[in-house]
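Residue strings, one per chain:
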Amino acid sequence: MIPRFKKNLKVPDPHLKKEQFLEEHNKLAPENLRATVALLSRFREEKASLFHNDDWPIDKFRRPFILWLTSLYERKMID
């Protein structure tokens, strides 16, 4: 039987620090999209408009981070 609705995934604490965000992201990411603290810092510099404090909510930042990360790799391949 196919369920009608997806179960809501439990979202971790939305007030993650950078290192916690990195740990959660890397746990969920495939090997080619794993990140480092340096990449997170660069993301924060380039996407400063997303940040209003030191929190790194995984549900808010993970998708933009993945898109940014893949575009970064694509730019490297073109150069």
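Reading the values: the criteria
- Every chain's residues receive numbers from 1 upward, in the order its sequence appears when written.
- Per-residue local features are limited, in this predicted model, to residues with pLDDT of at least 70; the limit for side-chain atom pairs, both in listing and counting, is 80 or more; totals at the level of whole chains, interfaces and linings are taken over all residues.
- Each side-chain value is derived from all of the structure's non-hydrogen atoms; neither hydrogens nor water enter the calculation.
- Secondary structure is summarised from DSSP: a helix means a run of H or I of at least four residues, a strand means a run of E of at least two, and numbering begins at the N terminus for each.
- Residue contacts are defined here by distance: any two heavy atoms, one from each residue, within 4.5 Å place the two residues in contact.
- Salt bridges are defined by distance alone: a side-chain nitrogen of Lys or Arg within 4 Å of a carboxyl oxygen of Asp or Glu.
- Type-normalised accessible area, obtained with a 1.4 Å probe on protein chains alone, sets the label of each residue: buried when under 20%, exposed when over 50%, and partly exposed for intermediate values.
- By convention, a stacked pair of Phe, Tyr or Trp rings (six-membered ring in the case of Trp) has centres within 6.5 Å and planes under 30 degrees apart, an edge-to-face pair has planes over 60 apart, and any other such pair is tilted.
- Residue types Ala, Val, Leu, Ile, Met, Phe, Trp, Tyr and Cys, when buried and joined through side-chain atoms within 4.5 Å, form a set referred to as a nonpolar core.
- Interaxial angles span 0 to 180 degrees and are taken between N-to-C directions of axes, which are lines fitted to C-alpha atoms, for helices over the stretch in contact.
- Working definition: roughly parallel below 35 degrees, roughly antiparallel above 145 degrees, roughly perpendicular at 65 to 115 degrees, and oblique for all remaining angles.
- By the definition used in this description, the sense in which the near helix is turned from the far one sets the handedness, with an anticlockwise turn below a right angle giving left-handed and a clockwise turn giving right-handed.

Asker: Provide a residue-level description of the environment of Leu69, including the pertinent values.
Answerer: Looking at the element boundaries, Leu69 is found in helix H3 (residues 58-78). Separated by 34 residues in the primary sequence, Leu69 and Ala35 have C-alpha atoms spaced 8.5 Å apart. The contact partners of Leu69, leaving out residues within four places of it in the chain, are His25, Leu33, Arg34 and Leu39.

Asker: Tell me about the pattern of salt bridges, and name the residues and values.
Answerer: Applying the stated criterion across every chain yields a total of four salt bridges. The salt bridge partner of Asp55 is Lys17, with a shortest N-O separation of 3.7 Å. Taken together, the residues Asp55 in the loop between helix H2 (37-46) and H3 and Lys17 in the segment before helix H1 (18-28) connect sequence positions 38 residues apart. Judged by relative accessible area, Lys17 falls into the partly exposed class, the value being 42%.

Asker: Would you mind going over the packing of aromatic side chains in detail, with residue names and values included?
Answerer: Scanning all chains against the criterion turns up ten aromatic pairs. Three or more aromatic residues joined by ring pairs form one cluster here, namely Phe21, Phe43, Phe51, Trp56, Phe61, Phe65 and Trp68.

Asker: Before we move on, can you summarise the side chain of Arg62 with the specific residues and values?
Answerer: Mapped onto the elements, Arg62 comes out in helix H3. Excluding its chain neighbours within four sequence positions, the residues that come into contact with Arg62 are Phe21, His25, Leu28, Ala29 and Pro57.

Asker: Residues and numbers for the environment of Ser41, please.
Answerer: Tracing the backbone shows Ser41 in helix H2. Residues Ser41 and Lys18, 23 residues apart in the sequence, show an inter-C-alpha distance of 8.7 Å.

Asker: Provide a residue-level description of the nonpolar core, including the pertinent values.
Answerer: Membership of the largest hydrophobic core comes to 17 residues, with the highest contact counts inside it found for Phe21, Trp56, Phe65, Trp68 and Leu69. Taken together, the elements giving at least two residues each to this core come down to H1, H2 and H3.

Asker: Describe the packing of H1 against H2, with residues and values.
Answerer: Contact geometry for H1 and H2: axes closest at 10 Å, N-to-C directions at 115 degrees. Classified by the angle their axes make, H1 and H2 are roughly perpendicular. The hand of the H1/H2 crossing is right-handed. Counted together, Lys18, Phe21 and Leu22 of H1 and Val37, Leu40 and Ser41 of H2 form the full contact between these two elements.

Purely geometric numbers; function is a separate question.
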